[in-house]
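So the chains spell out like this:
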Amino acid sequence: MNNPKNAPRSSLRFRESGRGPAVLLVHGWMVSGRVWDRLPPLLEDFRLVRPDLPGTGATPPAGRRTLDDLVADLAVFCDAQNLQGAHLVGHSMGGQLAALLATRLPGRFATLTLMNPVPVQGLDFPAELQPLFRGCGGDRDGIERIVDMSCLSLDAAGRGLLIEDALNTAPDAISTAFDAFRLGDANASLERVTLPATVIATDDPFLPPAFLQAAVVDRLPHARLIHLRGPGHYPQFEAPGETAALLREIFA
């Protein structure tokens, strides 16, 4: 889709489907906007906008991108696509970015939904796993290992799609984004996020509900936690029907 007339130009490529209220879906680390591909058939009455961050999907790499750079990329994209009053949804590192975007653009969004989000202040990631996660770009065995340890109810087709998407992500984008989300933004404050916020937690091995309650929900002024039992880190791929139903409830 072309940018609206007189709107700023964004370098982010994107997919769009459906008609109705706009929803901006921000993907996380290692994958692209394709991580949302199982939701459009279940949410056809919403305009789902799914950008690819630099170095993922169809968007070319743009050098080393900090969290602040990525949030700025998304802010320009929102203007380019006239996303005013949209529902904002972020997954994993995309949840971290979505929370920061909500602080940068107060009053822009209708709701905020964070699915298994990385906290804005960063994540005390296990030291023994850091080399694997930082260096998995282009490494099928490493990516397969990460997907398998992150997911609890992923079918074979979904597993294959996630792995191929990760293999298509630029290795530098993977390594720099890993360090960016792990270190976070120690100066970020979520006190200005006054819109209704929901954190969807699953049985994620890395981001369990109790941790997300303390690290994310309790830091947002108007937030609640919903525990979706069963799936691991990628509920939109592992349990798309249940995820879509929860999003409908939130948007309503």
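As shown above, the structure is provided for reference.
How each quantity is defined
- Residues numbered from 1 in each chain as written.
- Predicted model: local features only at pLDDT ≥ 70, side-chain atom pairs only at ≥ 80, totals over all residues.
- Heavy atoms only, no water.
- Helix = DSSP H or I, 4+ residues; strand = E, 2+ residues; numbered from the N terminus.
- Rg over C-alpha atoms; globule rule 2.2 N^0.38 Å.
- Buried < 20%, exposed > 50% of the residue type's maximum accessible area, 1.4 Å probe, protein only.
- Contact = heavy atoms within 4.5 Å.
- Pairing = 2+ DSSP bridges.
- Phe/Tyr/Trp six-rings, centres within 6.5 Å; stacked < 30°, edge-to-face > 60°.

**Student:** I'd like a description of the overall build of the protein, backed by residues and values.
**Tutor:** On a plain count of helices and strands, the protein comes out with 9 helices and 7 strands. Taking 18 Å as the expected radius of gyration for a compact globule of 252 residues, we find that the protein reaches 16 Å, a close match to that expectation. Its C-alpha atoms put the protein at 45 × 40 × 35 Å along the principal axes. Looking at the protein as a whole, 56% of its 252 residues qualify as buried. At a minimum sequence separation of 6, the contacts of the protein that also span at least 24 residues come to 77%.

**Student:** Account for the pairing of strand E5 (residues 109-115), with residues named and values stated.
**Tutor:** Across the 7 residues of E5, 6 count as buried, placing the element largely inside the fold. Examined bridge by bridge, E5 and strand E6 (residues 197-201) share 4 bridges and lie parallel to one another. By the bridge assignment, Met115 is partnered in E6 with Ile200.

**Student:** Account for the packing of aromatic side chains, naming residues and giving values.
**Tutor:** Following the criterion strictly, the structure yields 12 aromatic pairs and no others. Put simply, the rings of Trp29, Phe125, Phe133, Phe178, Phe181 and Phe206 pair up and form one aromatic cluster.

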